[in-house]
Amino acid sequence: MKPTIDGFYGNFGGAFVPEMLHKNVEELKNNYITILSDSEFKKELAGLLKNYVGRPTPLYKAENLSRIYKTNVFLKREDLNHTGAHKINNALGQILLAKKMGKTSIIAETGAGQHGVATATACALFGLPCKVFMGELDIERQAPNVARMKMLGAEVIPALSGSKTLKDATNEAIRYWIANPEAYYLIGSVVGPHPYPDLVARLQAVISKEIKQQLLTENSIENPDYVIACVGGGSNAAGAFYHFIDNEDVKLVAVEAAGEGVNTGKSAATFQLGSLGVIHGNQTLVMQNSEGQIIEPYSISAGLDYPGIGPMLAELLTSKRCIGLDATDLEALEAAKLLTQQEGIIPALESAHAIAALEKIKFKPTDVVVVNLSGRGDKDMDTYMNYFKNGK
Ligand SMILES: *Cc1c(COP(=O)(O)O)cnc(C)c1O
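Along each chain, residues carry numbers from 1 onward, in the same order as the chain's sequence is written. For a predicted model such as this one, the threshold for reporting local features is a pLDDT of at least 70, and the threshold for listing and counting side-chain atom pairs is 80 or more; totals across whole chains, interfaces and linings nevertheless cover every residue. Hydrogens and water are ignored here; the side-chain numbers use all heavy atoms of the structure.

Observations concerning the pattern of salt bridges
As a reminder, the rule being used: Here, a salt bridge means any Lys or Arg side-chain nitrogen found within 4 Å of an Asp or Glu carboxyl oxygen. Think of it in three bands: with a 1.4 Å probe and only protein chains considered, a residue is buried below 20% of the maximum accessible area for its type, exposed above 50%, and partly exposed in between.
As enumerated under the stated definition, the model contains 20 salt bridges in all. The partner of K379 in a salt bridge is D380, and the shortest N-O contact between them spans 2.7 Å. Each member of the pair K379 and D380 is classed as buried.

What follows is the structure, given as structure tokens:
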């Protein structure tokens, strides 16, 4: 699914940036497709994805979940990527792009720390200095990833404003970028001003490309009936959906974080709670009050705790090409426990929201259901221990 020349998907997208950043964003816009389509670039990225990241990631038939849900559940194992989530697919692609554009320093924002770790990893590999902006609350709840970033040589800069989470980290990164426009801003999801949403979607599209190939060659299945992914900004969903968007028979399911419940005031279910607004350089659905002030989002998972949603996902959901579901903190925790005890896989809390959706859909025994397991749970062990210790 490609945006218009101005970066719009229907009503959503565009590039709303301050004058100071106009030149950077234009430069990226004028170069990214040429560089991404260059055979040398493609070869270099494919080599890294294979031998450094460990792609293709397996498409695993989860027999025990399949029995429980009386259907055929496959897990796309993005949790097995180097650094533990899908974020590295994008980080390596953008680092190579930054190199080709002659950039010499990198900045990034991070929520759960997965994008920060992926970016710090890519920067270590290519010898580039790296600053990662991270909300102070997220620094507390994702300590292992903060330690990783530091060991990788990145500078972690706490964002102290607002809810001290991803939105605030992104604000800080943009503020820094305005003052230092020579830096390359490596955005971690399908958000931000055009061309970032399209750039990141193209780099994550490797997920659905592999799913298609693996279903066909390993399972003789043409297309799945469902592809399910959790949505924070929307990059793992965009990647898992990308090559199926034109296959109308494939149901695409995006699962948002409901937090304590969609209508409790403690939620991050942007598609249900949002209205048209501008956030971080693009026009999309935003959780805001009647004065346009951002409503602080909440989710137990730091990677889904965002008051916006990528413009491509906003359009897919609004046009009903994609089904929107949500899962609460408790549902995600229970889904994480189920996956762990049935399949021996501890998922990231974000990915557990996608697993939780299996409870909410009535499948046929013949259905082929692919769940994108966006990341592994190492970073969330504290949260899991606290929850399960209390015997809830
Ligand atoms: C960052 C992250 C997400 C949410 O980001 P998207 O851009 O919506 O994919 C989901 N799962 C994991 C494991 C993450 O690290």
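Anyway, onward from the coordinates.
Quick word on helix α13 (residues 311–318)
Stated precisely, the cut-off is as follows: What counts as a helix is a DSSP run of H or I of at least four residues, what counts as a strand is a run of E of at least two, and both are numbered from the N terminus.
Burial within α13 is extensive, with seven of its eight residues counted as buried. Listed in full, the buried residues belonging to α13 are P311, M312, L313, A314, E315, L316 and L317. One or two positions beyond α13, positive phi appears at K320, with a value near 65°.

Considerations on the environment of R148
Put simply, the rule is: N or O atoms within 3.5 Å of each other form a polar contact, as long as, within protein, one can give a hydrogen and the other can take it, and as long as residues adjacent in sequence are counted only when both atoms are side-chain atoms.
One can find R148 in helix α7 (residues 143–151). In sequence terms R148 and V117 are 31 residues apart; their C-alpha atoms lie 6.6 Å from each other. A polar contact is formed between the side chain of R148 and the side chain of N145, at a distance of 2.4 Å.

What about the sheet that holds strand β6 (residues 130–135)?
As a reminder, the rule being used: In this analysis, strands are considered paired if DSSP registers two or more bridges between them.
The strand order across the open sheet formed by four strands is β7-β6-β5-β8, and the pairing between neighbours is parallel. If you trace the sheet from one side to the other, it starts and ends with β7 (155–159) and β8 (184–185), each paired once. Two elements, strand β5 (residues 106–110) and β6, share five bridges in a ladder whose sense is parallel. Bridging from a neighbouring strand, I106 pairs with C130 of β6.

The values reported here are purely geometric and, on their own, carry no functional implication.
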